[in-house]
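Chain by chain, the residues:
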Amino acid sequence: MVLISESTDTAGIQMKKWFLLITLIFSSTQSSAIDPRWKYRVLLSPHFEMIYREGQKDLAKRYLLAAEQAHDLLFPLFREGPKRTIIVLQDDTDWTNGLADFLPYPHIVIYPVQPTAFDSIDEYGDWPLELMLHEYAHILNIYPAHGFYTPFKWIFGGVVRPNAVLPRWYLEGLAVDLETRYSSHGRLRSTDMQAMARAFWLSDRFKTDDIATINEAEGRRFPFGAKPYLYGAWWWDHVHRTKGDESIYKLNQSFSRRLPFLLNAPMREHAGGSASELLKQSVDRVAALAEKQSESIRRSNPPESTAVLDGDGELGAFAISPSGNRLVYALGLVDKGSSAYVRTREKPEQSFRELKPIRLFKTVGTLRFTWLDDDRFVYDQTDMSEPYHSYRDLFLYDLRNGKNERLTRGLRAQDPAVSPDRRKLAFVQNNAGKTHLNLMDLNTRKIRRLVNGSVDRRISGPEFLSDDKVLFSGRVNGEEKIYVFDLQTKKLSLWNRQLKQAQALRRTPAGLLVTDAGTGVRNVYKVSADQATPVSNTLTLIHDADYDPHSNQIYYSELTGDGKRLKAIPLATTRPPTIEKPAIESAPKSQVRSVETEDKGFYPITYMWPRYWIPWFYPTEGGLIVQGTTSTRDPIGRNQFDLGLSYDSITNKLSYGGGFLNRSFPVSIGAGYSQFVTYLGASGRLIESQDAFLNFGGNLGSRYSHWTLGGLWSDTEGSVTDYRRLGPQAGLSYSNLDSPHRDVWRWHLEAHHQQFLEQEGYLAYGRSYAHVAVVTSMGRHRLGLTTRAALSPDLPMGATVDLGDRTVGGNYLVNLANSSFLLRGYPSGNFVGRKLVNGNLEWVLPARDLERGFGTFPLFLRDFEMALFFDTVAVDGGGYVPARRGYVRSRLGEFYSGTGTEFRLNTTAGYHLPLALTLGLYYGLNEDYGGGFTTFMAIGLGSLSPISLKTP
């Protein structure tokens, strides 16, 4: 049966062009960036606008003072910047971080939680100042745009920031350099960064990293995303030493006037060499000091260590059970995330290295394991499933039954320690930029506060000295000392006066162990109230330690060129030397001692006017799509407005649309309108439509579960008549594809229904949609199975081509928004139906790591992978037959399939943007329906989000 016969260009594609927008608006109603119960206010200072949560005004004032101090110190270096920069104080996570961005306006997001003892940024003096120095340096670095960019600023607005596409290592390195030079501490002075240099020197890493590889934050090799910060800081430290402060202004202004990505001419003129030459000079300087420090340590005869664990992986927290028979540890793998493992001795003389590890569960952000007895341990973990927060909580794991019991919920609890009588649990609690020492009764689960912290004092690493005394590390003004709290007298006092950089206390059968960096190298010490005896002498750095009573050895996590590794040495006194530290002079301190502020209400509407628009170009099968997009949002992300305009060279028609999202309430509200053209590649048909929607959505107790409820109005100009539709729609979904708590198996489950109502002039029918996807990983192999079905049994057959669901061929990178039914090997739009069932099976072979760049040329080859696939579809509708130049009736029991392979080259373009190049070799198994062998090439562009600059 021929449904429609007409001439066609089977090389075309189906397009809704810009209207990925509507799908994004739909999906964004399902989650909320900020808890809608929180109320916000604004503090104004001369150069900043601080948006803070009610109840955190004192915290906002502290960070606003630090921001004005950062302006006082940095603005003279850059000499231009925004009149006022927005700062959002976003206390919704226990991950220490900050972010600076220039879209839609210059703004900084501060997560005010203090760094943990194991962070690379934990050796701070004045944390708010150092954080603000880092982030405000980004704002000033990115701001200028002059010369031939000036007219483009008038046309495109605030998106024209040529310095934003400078390499990551340049941007982050300058921020780390300035956070160091304009404070008393900073990463360039830290023992952690010096230890990293020694680890790199000892493993010859300096010989393998070049100017291209140091820019990559997504690499598979340690130190992963920290590379731009490390090498960039060393690069800028060298330039700053040799050329002084003026080099910052000269380079910044030069890049703000030149074509992007042409780095070397300005660097030769203002910094004394090309980017690569300066990198070599900076690395030579760092390596020379690393060698000198290492030789100094070697002359002190450090003990030989043995590896406790074999294989790859980044070691996290670990602990040995009271009897010494069990070792629990967290191990992070690039492809699998972090998991907890246990090794159990059956005989005391057995080595943990020889024992088989048993995987227990996934871990996220675990800082410490502490044993309750030989069968149970307590640990902390970040809960990534809560809708609005990412907070750490405490859990109790029982090895006897594999039960994982949650001890706290939303308490922001970390660093647990069990008392000797096993009745009490001490832990650290985060709250509004502060850390507090708390105590839990393990029988009643009642919690009480022992010691209040402050923004300028960090509490970490608690441990019981006895049942009635709790020790902890307290960091104040750059020093970290051991304090004791007496549970009987409720008095707090200094416990050990010798150590001033003490972290990671651990009670063991051999006594109390702690790490300290007083010599310039963090080593393990056996401590008492009046003395500290060194028992390790590492060449790099030791984060924490424990004692094995069966072998009389100290176990510790040591930094190497491949990350942290678990090592062991005999328990014995050592003599670690004091090493030479890098000489970095601090700049003058800020003269700002107080800030006059104005407190006012927060009104999101005042931020909701467009400030830029971005042009995009998408090559497609048979043509080119040109888009212009703009969006704006308020600083806390509760309101978002998007606009888009699109033109394609196939239909020579415009499409446009807009959407608004409000997330101020527990139920999100999204609304939008679009007018677009759909091109059916198989038949050459043009379908013009108008859509409008109103949607409500929310979470179902988890950020992975969502519901939507709303309505859709549509007017489609079909081949014979217009189709007008109006009716409600509802949906449920669950997806843990992005959950860090899952690794081997991941799921996506989705079900939606639209019911178009019967009324005069409107078409009435219902459409149900279901989607099930399963993804599993086997090492570096990935296997994905997807099944989709759409059922519209009451849709008239004559309207199927115009309104039915359609398959899409190769160009799914652009077109998943308008057709999720993927059938490669056939032209897009080749099958249309009122009932359509689609299955896709894909096996992705292990990627070949390329990790190769071309100097400062803005293209980096990350990896290359191959995927084998099989697609199939069954349609109650029609399939286009080229020989008959029309659609032929198809039944649901008839399947049409395609198979083939895709070669994917994953790259980084422009130093920041992920760029995926795909070559597809497809074969449609039914040649009568347009199948056969076809090739497909596509370029998938990422978003501007990677340009956002974060503190690692």
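Everything numeric here is computed off the predicted structure, so don't read it as measured data.

For the rest of this paragraph, the subject is the overall build of the protein chain. Within the protein chain, the secondary structure is distributed over 12 helices and 52 strands. Relative to the globule expectation of 30 Å for 952 residues, the C-alpha radius of gyration of the protein chain, 30 Å, shows essentially globular dimensions. In terms of its C-alpha atoms, the protein chain occupies a principal-axis envelope of roughly 95 × 65 × 55 Å. By the burial criterion, 60% of the 952 residues in the protein chain qualify as buried. Summarising the internal contacts of the protein chain: among those between residues at least 6 apart in sequence, 59% fall at separations of at least 24. The distance from the centre of the 109 positive side-chain charges to the centre of the 103 negative ones in the protein chain is 3 Å.

All right, on to empty space enclosed by the protein then. Empty space among the atoms can be located by rolling a probe the size of a water molecule over them. Tallied over the entire structure, the rule returns 8 cavities of 30 Å³ or more. If you trace the largest cavity, you find 14 residues lining it, with Phe-118, Leu-367, Arg-368, Asp-415 and Ala-504 closest to the centre. Among the elements that line the lining of the largest cavity, the one with the most residues is strand S24 (residues 502–508), at 3 residues. Across the lining of the largest cavity, the residue classes break down as 6 nonpolar, 4 polar and 4 charged. Each pocket or cavity is described by its volume, and for the second largest cavity that value is around 110 Å³. If you trace the second largest cavity, you find 17 residues lining it, with Ala-212, Asn-215, Gly-855, Phe-857 and Tyr-911 closest to the centre.

Next up on the list: the confidence of the model for the protein chain. Parts of the model with low pLDDT should not have their predicted coordinates read in detail. Across the protein chain, the average pLDDT comes to 89, with 93% of residues at 70 or higher. Per-residue pLDDT stays below 50 along residues 1–32; that stretch engages in 139 contacts with residues further than four places along the chain or on separate chains. In this model residues 812–818 is a low-confidence stretch, pLDDT under 50, and it forms 23 contacts with partners more than four residues away in sequence or in other chains.

Turning our attention to a nonpolar patch on the surface. A contiguous nonpolar patch, built from Met-778, Leu-783, Leu-785, Leu-841, Trp-843, Leu-868, Phe-870, Tyr-923, Leu-925 and Phe-933 and spanning about 900 Å² of accessible area, is present on the exposed surface. Inspection of the secondary structure puts Leu-783 in strand S42 (residues 781–791).

Scoring rules and cut-offs
- Residues numbered from 1 in each chain as written.
- Predicted model: local features only at pLDDT ≥ 70, side-chain atom pairs only at ≥ 80, totals over all residues.
- Heavy atoms only, no water.
- Helix = DSSP H or I, 4+ residues; strand = E, 2+ residues; numbered from the N terminus.
- Rg over C-alpha atoms; globule rule 2.2 N^0.38 Å.
- Buried < 20%, exposed > 50% of the residue type's maximum accessible area, 1.4 Å probe, protein only.
- Contact = heavy atoms within 4.5 Å.
- Lys, Arg positive; Asp, Glu negative; His and termini not counted.
- Charge placed at Lys NZ, Arg CZ, Asp CG, Glu CD.
- 1 Å grid on protein atoms, 1.4 Å probe; cavity = no way out; pocket = protein on both sides within 12 Å on 5 of 7 lines; lining within 4 Å.
- Points joined across faces, edges and corners; volume = space filled by probe spheres on them.
- Nonpolar A, V, L, I, M, F, W, Y, C, P; charged D, E, K, R; others polar.
- pLDDT = per-residue confidence, 0-100.
- Patch = residues over 30% accessible without salt bridge, like charges linked within 9 Å, V, L, I, M, F, W, Y side chains within 5 Å.
- Areas by Shrake-Rupley, 256 points an atom, 1.4 Å probe, with all protein chains shown as cover.
- Salt bridge = Lys/Arg side-chain N within 4 Å of Asp/Glu carboxyl O.

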